[in-house]
2 protein chains.
Amino acid sequence: MSSRRSPGQRAGLTRPLVLATARELLAKDGLPALTMRSLAQRLEVSPNALYSHIESKTTLIDDVLDDVLAEVDVPDVAVTPPAVGLQALMASTYGVLLAHPDLVPLYLARQGARGPNAQHLGDVVLALLARADVDGPHAREALHVLIVYTIGFAAFTTRAAETLTDGPGSQSQELADNFDSGLCWLLNGIITPR
Amino acid sequence: MSSRRSPGQRAGLTRPLVLATARELLAKDGLPALTMRSLAQRLEVSPNALYSHIESKTTLIDDVLDDVLAEVDVPDVAVTPPAVGLQALMASTYGVLLAHPDLVPLYLARQGARGPNAQHLGDVVLALLARADVDGPHAREALHVLIVYTIGFAAFTTRAAETLTDGPGSQSQELADNFDSGLCWLLNGIITPR
DNA sequence: ACCTGAACACCGTTCAAGT
DNA sequence: ACCTGAACACCGTTCAAGT
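Residues numbered from 1 in each chain as written. Chains lettered and ligands numbered in written order. Predicted model: local features only at pLDDT ≥ 70, side-chain atom pairs only at ≥ 80, totals over all residues. Heavy atoms only, no water.

### Describing the protein's contact with DNA strand D
Looking at DNA strand D, there are 24 residues lining it, with S46, N48 and H53 of chain A together with R37 and Y51 of chain B nearest. Backbone sugar and phosphate groups make up 55% of those atoms of DNA strand D lying within 4 Å of the protein. One of the backbone nitrogen or oxygen atoms of G12 of chain A is found 3.3 Å away from a phosphate oxygen of DNA strand D. With respect to DNA strand D, the side chain of H53 of chain A contributes an N or O atom lying 2.4 Å from a phosphate oxygen. A per-class count over the surface near DNA strand D returns eight nonpolar, 11 polar and five charged. (Near = heavy atom within 4 Å. Polar contact = N/O pair within 3.5 Å; in protein donor to acceptor, adjacent residues only side chain to side chain. Nonpolar A, V, L, I, M, F, W, Y, C, P; charged D, E, K, R; others polar.)

So this is what it looks like as structure tokens:
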């Protein structure tokens, strides 16, 4: 309510801090609880102070989504066989999504992320596809199918985890196996259509 | 602004009319443009009048999403071979989704609809799966995979339609074919895992 | 039962200050 | 450059009327 600072004083706010706090709030209370005002309150700052560090609420969320993708393990394009690399990359992405269940609906709505990390992951997928002689529009199509499949499956899994509320173990492992098999079918269809 | 009616007079509002107008607004200007207030204005009514016909904005959207599913062609469970019926049902659903591109992101976010039409479609899928000796948790899992796949693919297709902006013909047909092949792979994996 | 008027408790964002 | 105060133009929803 009543601020301890007068107009001139700094609050020590920083862009990474804002993003991290937004992530924290998202993980703790979900999307509806993340408002500019709640975020500002958590940082003990007035709402409009955030606009010195981010452009808008939309770009804030976009940036959070892209940030998380930095956790994905990227295979070495040069030495990894395409099919193996694609399987590993998508499986790692799937794992990262499962580690952030609260964000999955957001990825779904935006059909992926848009920032530099997402861009890089997309480039790696395209490079692996190219090494399997898949390129052009066909490759971009395959990329989008893989993205939708992975996010869609993660949405399914996290939702199942909510409803079943079982101890993390057998059932989650089973679902991950299902992800792998479905992914394998898709990759077969993508890589060997000729 | 200034209403033509005094408190006691009726506006001829009706639940189906409210839902239809919401759909209209959604199709014309998208989700952000659909507010209780814009909807009320279009119906020439004050915002709170809507609450005599709907419970909340959330249930309004849920109902709109379920309504659209009435357009899906449902195969006769008794006489249609399971694999054929599932392929036909999901393909019809896919077609309906493509006919309402503005709603696809909403289905994505909610991972399907929740009302009576969605319930019925789900029951039909489960009945077809049962006739293929798939039941129990495995069947519910398969149902969710099919839902996510179909909505996910529709999201991909509508988005591709936006970016490419090609005349509706060759390319759209190609995408529909891709949907069918992917669906076929999935059904193979679901129906013959033993 | 169905509608209006007025209000409540919020939003995201902008603009003019202050240091 | 970074922050505050105040305000703007919105939201969804509720509550007390009126007929």
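### Observations regarding the interface of chain A and chain B
Facing the 19 residues of chain A at the interface are 19 residues of chain B. Summing both sides of the interface, chain A and chain B together bury roughly 1,900 Å²; the carbon and sulfur share of this comes to 69%. The tally of links between chain A and chain B comes to zero salt bridges. Every element with two or more residues in the side of chain A that touches chain B is listed here: α5 (104–110), α7 (136–164) and α8 (170–191) of chain A. (Contact = heavy atoms within 4.5 Å. Buried area = accessible area lost by both parts, 1.4 Å probe. Salt bridge = Lys/Arg side-chain N within 4 Å of Asp/Glu carboxyl O. Helix = DSSP H or I, 4+ residues; strand = E, 2+ residues; numbered from the N terminus.)

### Observations concerning the relation of the copies chain A and chain B
Structural alignment of chain A on chain B gives an RMSD of 0.0 Å, achieved by rotating through 180° and translating 0.0 Å along the axis. The symmetry that links the two subunits is that of a two-fold axis. Distance from the rotation axis, computed per C-alpha, reaches its smallest value in chain A at A109 of chain A: 2.8 Å. (Least-squares fit on C-alpha atoms with pLDDT ≥ 70 in both.)

### Describing the pattern of salt bridges
All names here are of chain B. Following the criterion strictly, the structure yields 10 salt bridges over all chains and no others. Of the charged contacts, one joins R15 and D63 as a salt bridge, the two residues approaching to 2.8 Å between their closest N and O atoms. Note that R15 is positioned in helix α1 (residues 15–29) and D63 in helix α3 (residues 57–68), a separation of 48 residues in sequence. Judged by its relative accessible area of 37%, R15 falls in the partly exposed class. Note on D63: relative accessible area 23%, which makes it partly exposed. Between R23 and E71 there is a salt bridge; the shortest N-O distance is 3.2 Å. You can see R23 sitting in helix α1 and its partner E71 sitting in the loop between α3 and α4 (82–99), a full 48 residues away along the chain. Residue classification places R23 among the partly exposed residues on the basis of a relative accessible area of 28%. (Buried < 20%, exposed > 50% of the residue type's maximum accessible area, 1.4 Å probe, protein only.)

### Overview of the packing of helix α1 (residues 15–29) of chain A against helix α3 (residues 57–68) of chain A
All names here are of chain A. In the contact formed by α1 and α3, the axes pass within 10 Å of each other and the chain directions differ by 85°. On the basis of their axis angle, the class for α1 and α3 is roughly perpendicular. On the side of α1, the interface is formed by R15, L19, A22, R23 and L26, while α3 contributes L60, D63, V64, D67 and V68. Residue classes in the contact of α1 with α3 are distributed as six nonpolar, no polar and four charged. (Axes fitted to C-alpha atoms, helices over the stretch in contact; angles between N-to-C directions. Parallel < 35°, antiparallel > 145°, perpendicular 65-115°, else oblique.)

### Some details on unusual backbone geometry
All names here are of chain A. The backbone phi angle of E44 is positive, close to 55°, even though this residue is not glycine. Take E44: it is sitting in the loop between α2 (36–42) and α3. Judged by relative accessible area, which is 64%, E44 ranks as exposed. A positive phi angle is found at D133, which is not glycine, with a value near 65°. By the secondary structure assignment, D133 is in the loop between α6 (116–131) and α7. A relative accessible area of 64% means that D133 is categorised as exposed.

### So, empty space enclosed by the protein
A water-sized probe, rolled over the atoms, reveals where empty space remains. All told, the structure shown has three cavities of 30 Å³ or more when counted by the stated rule. Estimates place the volume of the largest cavity at around 140 Å³. As for the largest cavity, its lining consists of 14 residues, and the residues nearest its centre are V148 and Y149 of chain A together with V145, V148 and Y149 of chain B. For the lining of the largest cavity, the secondary-structure elements that each account for two or more residues are α7 of chain A together with α7 (136–164) of chain B. Looking at the lining of the largest cavity, its residues break down into 12 nonpolar, two polar and no charged. (1 Å grid on protein atoms, 1.4 Å probe; cavity = no way out; pocket = protein on both sides within 12 Å on 5 of 7 lines; lining within 4 Å. Points joined across faces, edges and corners; volume = space filled by probe spheres on them.)

### Some points on the side chain of S92 of chain B
As for its position among the elements, S92 of chain B is in helix α4. Beyond its immediate chain neighbours, meaning those up to four positions away, S92 of chain B contacts V72 and D73 of chain B.

### Things to note about the packing of aromatic side chains
Aromatic ring pairs are reported here in terms of the distance separating the ring centres and the angle at which the planes meet. Summed over all chains, the structure comprises 10 aromatic pairs over all chains. When the centroid spacing of 5.9 Å and the interplanar angle of 75° are considered together, the rings of Y94 of chain B and F153 of chain B count as edge-to-face. Taken as a pair, Y94 of chain B in helix α4 and F153 of chain B in helix α7 lie far apart in primary sequence, 59 residues in all. Note on Y149 of chain B and F179 of chain B: the rings are 5.4 Å apart at their centroids and 20° apart in plane angle, and the pair reads as stacked. Here F179 of chain B lies in helix α8 (residues 170–191) and Y149 of chain B lies in helix α7, a separation of 30 residues in the sequence. Exposure remark for Y149 of chain B: the relative accessible area of 9% places this residue in the buried category. What links up through ring pairs into an aromatic cluster is the set Y94, Y149, F153 and F179 of chain A. (Phe/Tyr/Trp six-rings, centres within 6.5 Å; stacked < 30°, edge-to-face > 60°.)

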